[in-house]
Amino acid sequence: MVGNGTRAAIISDRRITGLSADVIAELVAEVGPLWHERHQAGLESRPRKRAVGAGAKHRLVFIDRLLAALVHLRHGATHDVLACWFGVDRSTITRAIGEVRPLLAARGCTIATGIRLRTLVEVIDHLGASGQTGIIDGTEIRVRRPAVGRKDREKFISGKNKQNAVKAMVLTDASGRLLFCSPAQPASCADITHARQLGLVKHLSDGPAVEILADAGYQGLGAQTGGRVVTPPHRKFKKNPPDWYEEIYERQRKAHSLSLFRFDGHGWCVGQAARAVSYSAGLR
């Protein structure tokens, strides 16, 4: 178990978790009771009860579990490294991260005081009500190669990066503020297929009039959503294009790229910001 001094150092230094001490305290007060409730329910559901005093002698309290999950998601530190840091077994870190991550994801994205978006439908309704333009993009996060014998092992291989990864779809507003981050799935899935599986086409077709900017990976959604998804122009001449067409096409493509990859106050484009904050939806 990590000492009080080490725990205080982790909380006070924002570079470690990416969150301020006030936000971490808010998470402990809000998510902590949910974790304790699930933990007690799991213990009570066991058919075999432990004797008083039995079990592990060094357990991670909830705040240490939360800090371990935040450090792992922020920096990609392996479970072995975190186990050495927190003074517990690797399996304890793996279990702690697996318990905390769903609680953080269910918390949603806080965009203003008292306003929190948890689902894709709520995000689209918010963009429509506020008249803002949205930006969607897919981001891949490299992962360990799945174990031999797993049926869907090959599905994790990314066709673009040729590595084992998982993919998430991120939706932000025009300034790059995170509004929605989807659950991760194997990276072999195409961006447009992932968006369809999440119900983006149905939500946009049945929802308010919203403009969503996207890259070429989502070409085809514009026709299915009544023009609500705006993608780069298609190439009509794929071989030996005339000079005049190439000039017009490049101008249109660059104009779309400039409107898509806007920069926020830190100078990060949407794709980079998605990789940095996809783990902490609404925590900032």
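About the criteria used
Residues numbered from 1 in each chain as written. Predicted model: local features only at pLDDT ≥ 70, side-chain atom pairs only at ≥ 80, totals over all residues. Heavy atoms only, no water. Salt bridge = Lys/Arg side-chain N within 4 Å of Asp/Glu carboxyl O. Helix = DSSP H or I, 4+ residues; strand = E, 2+ residues; numbered from the N terminus. Buried < 20%, exposed > 50% of the residue type's maximum accessible area, 1.4 Å probe, protein only. Arc of directions from axis to C-beta. Contact = heavy atoms within 4.5 Å. Phe/Tyr/Trp six-rings, centres within 6.5 Å; stacked < 30°, edge-to-face > 60°. Axes fitted to C-alpha atoms, helices over the stretch in contact; angles between N-to-C directions. Left-handed = near helix turned anticlockwise from the far one by under 90°. Nonpolar A, V, L, I, M, F, W, Y, C, P; charged D, E, K, R; others polar. Polar contact = N/O pair within 3.5 Å; in protein donor to acceptor, adjacent residues only side chain to side chain.

1. Brief notes about the pattern of salt bridges
- Applying the stated criterion to the full structure yields 12 salt bridges.
- One salt bridge in this structure joins Glu 30 and Arg 116, with 2.6 Å as the shortest N-O distance. A residue pair is termed long-range when its members are at least 10 positions apart, and Glu 30 in helix α3 (residues 21-44) and Arg 116 in strand β2 (residues 115-117) qualify at 86 residues.
- For Arg 116, a relative accessible area of 21% puts it in the partly exposed group.

2. Describing helix α1 (residues 4-12)
- Turning to α1, its buried residues are Arg 7, Ile 10 and Ile 11. Around the axis of α1, the buried residues are gathered within 95° of arc, so they sit on the same side. Opposite the buried face of α1, by more than 90 degrees, sit the exposed residues Gly 5 and Ser 12.
- Summarising the contacts, the buried residues of α1 are in contact with α2 (14-17), α3, α4 (62-75) and α5 (79-86).

3. Points about the packing of aromatic side chains
- Counting across every chain of the model gives 2 aromatic pairs.
- Ring centres of Trp 35 and Phe 62 lie 5.7 Å apart, and the angle between their planes is 35°; this geometry places the pair in the tilted category. Note that Trp 35 is positioned in helix α3 and Phe 62 in helix α4, a separation of 27 residues in sequence.
- Here the aromatic rings of Trp 85 and Phe 86 are separated by 5.7 Å at their centres, their planes lie at 55°, and the arrangement is tilted.
- Judged by relative accessible area, Trp 85 falls into the partly exposed class, the value being 37%.

4. Some words on the packing of α4 against α5
- Close contact between α4 and α5 brings their axes to 11 Å; oriented N to C, the two are set at 140°. Like other packed secondary-structure pairs, α4 and α5 cross with a definite hand, here right-handed. In this structure, α4 contributes Asp 64, Leu 67, Ala 68, Val 71 and His 72 to the contact, and α5 contributes His 79, Leu 82, Trp 85 and Phe 86.
- Across the contact of α4 with α5, the residue classes break down as 6 nonpolar, 2 polar and 1 charged.

5. Quick word on the side chain of Ser 158
- Here Ser 158 shows up in the loop between β3 (134-142) and β4 (165-173).
- Side-chain polar atoms of Ser 158 contact the side chain of Glu 140, separated by 2.8 Å.
- What Ser 158 contacts, discounting residues up to four positions off in sequence, is Glu 140, Gln 163 and Ala 187.

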